[in-house]
Structures are given as C-alpha cells and as structure tokens.
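An overview of the molecular structure
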Amino acid sequence: MILDQQKEKDLKSRSTRGILERLKNGIVQGAEGYVFELERRGYIKAGPYVPEVVLDFPEAVKELHREFLRAGSEVMVALTYYAHREKLKDVGRENDLELMNRQAVRLANEVAREGDALVAGNICNTWAYDPHSAKESARIVQAMYEEQLAWAVEEGIDFVISETNDYLGEALIALKVIKQLKLPAMLTLASVQQSLTRDGYDYIEACKILADHGADIVGLNCDRGPETMLPIIENIRSAVGCYVAAQPVPYKTNTQYPTFELLRTSSGEQAFPLLLEPFLCNRFEMAEFARKAQIMGVDYVGICCGGAPHYVRAMAEALGRTVPASKYSPAMELHPVLGAQIEEKHKEFLADWKR
Ligand SMILES: [Zn+2]
C-alpha cells in the first residue's frame with residue numbers, strides 16, 4: 001500500500017507523456033553507450049564492464065546523462081547494464097547490488113527532470129541463460145530480472161529496455177517480467193551472428209515472436225554499425241506491426257566484417273573493444289543513419305556502444321530537431337580560415353549553377 005502511494009507520487013512528477021504516447025506521435029530518440037563512454041573517461045574497468053561508477057562517481061554518470069539530454073535524447077537509460085547478480089559477483093561487489101541498481105535509477109531521474117525526458121529501466125543479457133537447461137537457467141534469469149526491476153519500479157521508471165539479448169529465450173523471460181509489472185516493454189536483440197540468435201532464431205523471426213508475445217517495441221541494438229544493421233531492421237520493419245527500434249554502434253562495419261567484434265586492425269588484431277577508434281563513424285554518417293532509419297519507418301532511433309553527445313546532436317538535427325546543444329552546433333562559416341574557403345566555394349557553386 002505504501003509502495004503504491006509512493007508510485008503514484010512518482011508518476012505525478014514524471015513526464016506527462018509516456019513512451020507509447022510519444023511513439024504514436026513520431027520518432028523517439030534515445031542514446032546509449034554509457035558503459036563504453038564512461039570506460040573511455042576512466043570510470044569503468046574494461047573487461048568486467050560493471051557500472052561501479054554509479055556508486056563510485058555518481059556525478060560522472062549524471063554528467064553523461066545531461067550531455068545526452070542536451071544533445072537530444074528523450075530517454076535517460078538507467079545505468080544498470082551488467083548491474084546484475086552474476087556480473088557483480090565477478091568484481092566482488094554483490095553486496096552493492098541493490099544500492100547500485102537503485103542509485104542508477106535515481107541518477108537517471110534527477111537528470112530526466114532537468115528536461116522532459118523519460119526514464120528507462122534497463123536489463124540485459126545475463127550470461128546465466130543456457131538453452132540446454134532452459135527451464136533451470138530461466139528460473140535464475142527470471143529472479144535476476146525480477147529483483148532488478150522491482151528496485152527500478154520503486155525508484156520510478158517509465159518503461160523498460162531489455163537489450164543486447166543474445167537469446168530469444170532470455171528475451172522472452174525479460175518480456176514476461178516487464179509485462180507482469182505492467183510497463184511498456186522494449187526488447188532489442190544483439191546481432192553478433194550472421195542471421196540467428198544464439199538459440200537459433202532468425203533475428204526477424206525472433207522480433208516477430210517478441211511482438212506476438214506483447215512487446216511494444218522490438219529491434220536491434222549494439223554489435224552492428226549503421227551499414228550492416230539497417231538491412232536487417234528494414235526486414236524487421238516489414239515483419240512486425242509494433243514499434244521498431246534501431247540502436248547501432250557508431251563503427252564502420254561492412255559486409256565483410258558485419259559486427260564490431262569482427263573488425264580487425266591493419267596488423268590483423270581484433271579491434272574490439274579497445275582498438276576501435278580507427279573504425280569510428282563521423283557525425284555526418286550517424287546523421288545519415290538517423291535519416292535513413294526515419295525513411296524506413298523506424299520509431300525509436302538511438303545509438304549504442306561508442307555513442308557520444310556529438311553523434312546524438314547530429315542525429316537529432318538530422319531528424320529536424322533543434323536541441324539545447326544546437327546552440328553550439330558548428331558554424332564553420334565563422335572560422336577565420338575555413339570560413340573564407342567556404343565562402344569561396346559557395347561563390348564558385350553559384351557561378352557554376354548560373355552557367
Ligand atoms: Zn552496445
């Protein structure tokens with residue numbers, strides 16, 4: 001009863017327009033890649049990738065939320081990626097499990113209220129799911145999701161993003177738990193393999209099954225850059241009637257190397273996850289992705305590992321939006337050297353055009 005009252009109070013102070021209402025009216029822009037970016041900033045250890053930063057440097061998490069908010073993200077995703085029992089055990093912090101989860105949602109809420117953003121609870125691949133002992137491992141996974149989301153709901157969330165799902169089986173457990181909480185559910189698959197989930201479902205078929213089981217938003221996140229994610233997204237778009245999400249990594253994957261895990265440096269080393277810089281997309285390429293996704297009918301347009309605020313702003317502007325950080329968007333015509341060159345080029349262009 002007390003919990004219900006608390007929930008009601010939280011709901012009242014939340015954004016007045018929920019995720020489904022926003023999607024009905026057009027594209028919702030999201031932004032992720034918190035773990036990668038906070039690792040680059042020196043607050044998360046590569047390897048275990050556990051978001052200890054939530055407790056150790058909460059201000060760093062809030063700052064990144066704020067940067068994404070200013071750049072146009074309408075959703076503050078609570079940094080609970082890998083903040084689950086299995087992963088915290090790896091770094092000896094299982095006693096911090098509840099506190100880390102609650103704090104992550106609180107931080108997302110604090111910044112969401114600085115704008116008009118939504119807060120998404122976040123659950124992900126657990127590495128505990130085993131399709132060979134599906135029943136037994138499902139119980140463990142379900143318990144992990146239930147505890148994480150119970151804390152998230154108490155702290156206040158608008159919907160749940162279950163992401164980087166390697167197994168359809170695991171995604172379905174997440175969906176069941178989210179639906180029990182009566183929250184809108186966004187389920188996105190990892191696409192590490194050529195065309196199948198790790199339990200052998202074609203990505204498109206898997207999204208269809210999730211949609212048939214009541215998912216509100218389905219799609220893909222992580223692993224693939226725009227070039228190799230969009231063709232699959234296009235097929236998902238035609239296969240499902242629900243909303244579709246695309247959150248690629250900003251890396252130049254291609255038909256030869258369709259995922260960022262497969263990219264190789266010039267000396268043949270695996271570039272993932274610490275040598276990926278040479279493969280980064282530029283902001284204009286991510287803007288192009290946003291436009292293509294819009295034309296394709298994608299409803300939730302975001303970015304995953306490697307994401308940073310300059311991409312998010314370029315994507316927002318490509319979608320026709322002016323966001324707080326647009327105040328400082330490039331104005332190269334004002335550059336002392338490049339500005340004159342731009343002016344010159346413009347004159348040449350006009351002369352050509354008149355000819
Ligand atoms: Zn990612």
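Look up a bit, the structure's there.
Summarised in this report is the structure supplied together with it.

A few words now on the overall build of the protein chain. The helix and strand tally for the protein chain stands at 14 helices and eight strands. Principal-axis analysis of the C-alpha atoms places the extent of the protein chain at approximately 75 × 45 × 40 Å. On the protein chain, roughly 16300 Å² of surface is accessible, and the fraction owed to carbon and sulfur atoms is 53%.

We now examine the pairing of strand β6 (residues 217-221). Of all the five residues making up β6, five are buried; the element is thus mostly covered by neighbouring parts of the structure. The side-chain alternation of β6 yields two buried faces, one formed by Ile217, Gly219 and Asn221 and the other by Val218 and Leu220. Across four bridges, strand β5 (residues 185-189) lies against β6 in parallel orientation. Along β6, the bridge assignment pairs threonine 188 with glycine 219.

Any two packed helices are characterised by how steeply their axes cross, that is the angle between the axes, and by the distance between the axes. Between helix α5 (residues 58-71) and helix α7 (residues 97-112), whose axes approach to 9 Å, the crossing angle comes to 40°. The pairing of α5 with α7 is recorded here as oblique in orientation. Note that α5 runs across α7; the crossing there is right-handed. Residue-level inspection shows Pro58, Val61, Lys62, His65, Arg66 and Leu69 of α5 in contact with α7, the latter providing Gln103, Leu107, Ala108, Glu110 and Val111. Per-class residue counts for the contact of α5 with α7 are six nonpolar, two polar and three charged.

Two side chains that carry opposite charge are able to pair once their charged atoms sit near each other. Tallied over the full model, the rule gives 24 salt bridges. The partner of aspartate 96 in a salt bridge is arginine 93, and the shortest N-O contact between them spans 2.8 Å. A relative accessible area of 15% means that arginine 93 is categorised as buried. Salt bridges linked by common partners bring Glu98, Arg102, Arg106, Glu154 and Glu155 together as one network.

Take the coordination of the zinc ion next. Donor atoms from the polypeptide that coordinate the zinc ion comprise Cys222 (SG), Cys304 (SG) and Cys305 (SG), at 2.1 to 2.3 Å from the metal. Read N to C, the donor residues that coordinate the zinc ion are spaced as C-x81-C-C. Judged on exposure class, the residue cysteine 304 and its partner cysteine 305 are both buried.

So, how was this worked out
Note that residues are indexed from 1 along each chain, following the sequence as it is written. Local features in this predicted model are restricted to residues whose pLDDT is 70 or higher, and side-chain atom pairs enter the listing and the counts only when it is 80 or higher, whereas totals over whole chains, interfaces and linings include all residues. Hydrogens and waters are ignored; side-chain quantities use all the structure's heavy atoms. The numbering of helices and of strands both runs from the N terminus, where a helix is a DSSP run of H or I of at least 4 residues and a strand a run of E of at least 2. To measure how exposed things are, a 1.4 Å probe is used in the Shrake-Rupley method; for residues, cover is taken only from the protein chains shown. Each residue is assigned to one of three classes by its accessible area relative to the maximum for its type, calculated with a 1.4 Å probe on protein chains only: buried under 20%, partly exposed between the two thresholds, exposed over 50%. DSSP-based pairing: two strands are paired if at least 2 bridges between them are found. Convention adopted: a line fitted to C-alpha atoms gives each axis, helices being fitted over their contacting stretch, and angles between N-to-C directions are expressed from 0 to 180 degrees. Put simply, angles under 35 degrees are roughly parallel, angles over 145 are roughly antiparallel, angles from 65 to 115 are roughly perpendicular, and the rest are oblique. Note on convention: the crossing is left-handed when the near helix lies turned anticlockwise from the far helix by less than a right angle, right-handed when the turn is clockwise. Any pair of residues with heavy atoms lying within 4.5 Å of one another is described as a contacting pair. Charged residues are taken to be Asp, Glu, Lys and Arg, nonpolar residues to be Ala, Val, Leu, Ile, Met, Phe, Trp, Tyr, Cys and Pro, and polar residues to be all remaining types, Gly included. By convention in these notes, a salt bridge is any Lys or Arg side-chain nitrogen within 4 Å of a carboxyl oxygen on Asp or Glu. Here the term donor refers to an N, O or S atom within 2.8 Å of the metal (or 3.2 Å for Na, K and Ca), and because water is left out of the atoms, sites may appear incomplete.

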